[in-house]
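Structure at a glance
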Amino acid sequence: MNDTILSVKNLSYGYASERDNSYALRDVNFSVKRGEFFVILGPSGCGKSTLLRLIAGLMPIQDGSIIFDPPTMAERRSMVFQSFAIFPWLTVKDNILFGLNMHGMNQDEQDKVADFYVKELGLDGFGEHYPADLSGGMRQRVGLARALAIDPEVLLMDEPFSQLDSFTAARLRKDVLDIWAREHMTVIMVTHLIEEAIELADRILVMTARPGTVESIVENTVSRPRNDRMPEFWKIEDLLTEMVKF
Amino acid sequence: MKNHTENKLHIWRVTPHAIFASFAIVGVTIALVAVTILSGISPHELFTGLLASFLRVCIAFVISLVLAVVIGILLTRNTKIENFILPFLDLMQSFPNFAILPLILVWFSSKTLAVITILIITMIWPILFAVIGGTKSSRNDLAEAATVFGAKGWRRWRYFYIPTLFPAIITGSIVGWGEGWEAVVGAEIIARAGGIGTSIAHATETGQTQLFLTLLALLLFVIFLFNSWVWLALLKRSARFNI
């Protein structure tokens, strides 16, 4: 089996309302390996969110291509949102089950899946609660559980920790790493935080703004488990800090 | 937890008013109905008109609701069509409906159908504009999440559009429902189409003051009960639909 799960080729994207020469993305090329933790790093406005939305199929491709290998992997995409985007009118359990419900899974199986992910993400006792009752960290746990419940092969994450306080974010990053190690899915995550990228990524794609282009793809060789006191961590942090043009 | 506390506070504030209004409306109505029946007017005469009007408002409401929600959602999916049609809707909204009541009465052989038509063109606007406003202010991230997790076709309607728009639909419906009652009484008085409006007109013209007052009290009673049992409950429920 080929070890590339996703290839992005000559991808460009422009917003119709802007001038002809203003591209959000210009000639982006890269590929993602099966099972890797791939991080897209860049300053705000560099088109990283646009890139992730194109991969997610939320926006139409204008120019270039995004190819999943095999193509059926496109059906196995899932996503975690910066703003959590959990449905306020559904309980925690029903939020987690949203994807399965859309695909018509039967009730008994759904209940089993919900119970599993409620436990897995430390939401015990909150299954019947509504999102308004939850803290930001808990809401993002629901967002993550909903994304995992459909058993994805490719998990897309758009700045999933940026709306959380630093303690909650650190804790959730650890949990995400544990889940990734256990479930062996491919993760593509967008972030603007260099430390976050180094803590999580196997490879880091650095983007430059106006137009959004690939500056470089950096192999992150820091040994796991990582912490920001390791000399190798600093080394790659220096390298990336040089590279990211804010 | 915060949400629950807010709801409780809200109830506390509303309760004294609700109790007062309940006593006033329920008490006065029951007294008037009792006296009227004792003085020889049949319950049939009291309640038939009211029931007919209530059914007309209900039927017109259901039709208006479905039309407004479907039109509102379809319209806002395409910005070009929306920008083109919205000014027309705005114009039609301010059109005085009773101006075409005589025409509608000529068109339809059934007065009931004519009244229901007037009701629909009265009730649909507040709901439609609430739905359009609701789609404007709805969160794009929720729409994206619905797409990612496969909400397509009728499932998107059932599990995404309707719940996102629920608060807007309820507020629009409350206004539409109120305007509907106003219109039904007016139309029934003008068209002599039966219903509570015609009963009221008849009681006034024949000088039956007590019957007239009882009918008014009954009307108030039904509207009050419906508001506090149905709309208030739905409004409270819709608070949960926003974070």
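Residues numbered from 1 in each chain as written. Chains lettered and ligands numbered in written order. Predicted model: local features only at pLDDT ≥ 70, side-chain atom pairs only at ≥ 80, totals over all residues. Heavy atoms only, no water.

What counts here: UniProt positions are given in the numbering used here, feature names are shortened, and annotations may be inferred rather than shown by experiment.
An unreviewed UniProt entry lists chain B under the name ABC transmembrane type-1 domain-containing protein. In its Subcellular location (unreviewed entry) section, UniProt records this for chain B: "Cell membrane". Under Sequence similarities (unreviewed entry), UniProt gives the following word-for-word description of chain B: "Belongs to the binding-protein-dependent transport system permease family."

Taking an unreviewed UniProt entry as the reference, chain A is identified by name as ABC transporter domain-containing protein.

A word on the overall build of chain B
For the record, the criterion: Comment: elements are numbered from the N terminus, with helices defined as DSSP H or I runs of at least four residues and strands as E runs of at least two. Accessibility here uses a 1.4 Å probe with only protein chains present; expressed as a share of the type maximum, an area under 20% marks a residue as buried, one over 50% as exposed, and anything in between as partly exposed. In this analysis, two residues are considered to be in contact whenever any of their non-hydrogen atoms come within 4.5 Å of each other. Computed with a 1.4 Å probe, the accessible areas rest on the Shrake-Rupley method; for each residue, only the protein chains presented here act as cover. In this tally Asp and Glu are treated as negative and Lys and Arg as positive; neither His nor the chain ends contributes. For the purpose of locating charges, the reference atoms are NZ of Lys, CZ of Arg, CG of Asp and CD of Glu.
Counting its secondary structure elements, chain B contains nine helices and zero strands. Helices and strands in chain B line up, N terminus first, as α-α-α-α-α-α-α-α-α. Per-residue burial for chain B yields a buried fraction of 41% across its 243 residues. Intrachain contacts of chain B at a sequence separation of at least 6 include 77% that bridge at least 24 residues. Summed over all atoms, the accessible surface of chain B reaches about 13100 Å², with 72% contributed by carbon and sulfur. Distance from the positive charge centre (17 side chains) to the negative charge centre (10 side chains) of chain B: 12 Å.

Brief notes about the UniProt feature "domain: ABC transmembrane type-1" (unreviewed entry) in chain B
The UniProt feature table records "domain: ABC transmembrane type-1" (unreviewed entry) at residues 50-231 of chain B. Between the end C-alpha atoms of residues 50-231 of chain B there is a gap of 20 Å, over a span that is 86% helix and 0% strand.

Some remarks on the UniProt feature "transmembrane region" (unreviewed entry) in chain B
Residue and element names in this part refer to chain B. According to UniProt, the feature "transmembrane region" (unreviewed entry) maps to residues 20-41, 53-76, 88-108, 114-132, 159-178 and 211-235 in the numbering used here. In residues 20-41, the share of helix is 86% and the share of strand is 0%. The end C-alpha atoms are 29 Å apart. Secondary structure over residues 159-178 splits into 100% helix and 0% strand, and the C-alpha atoms at its two ends are 28 Å apart.

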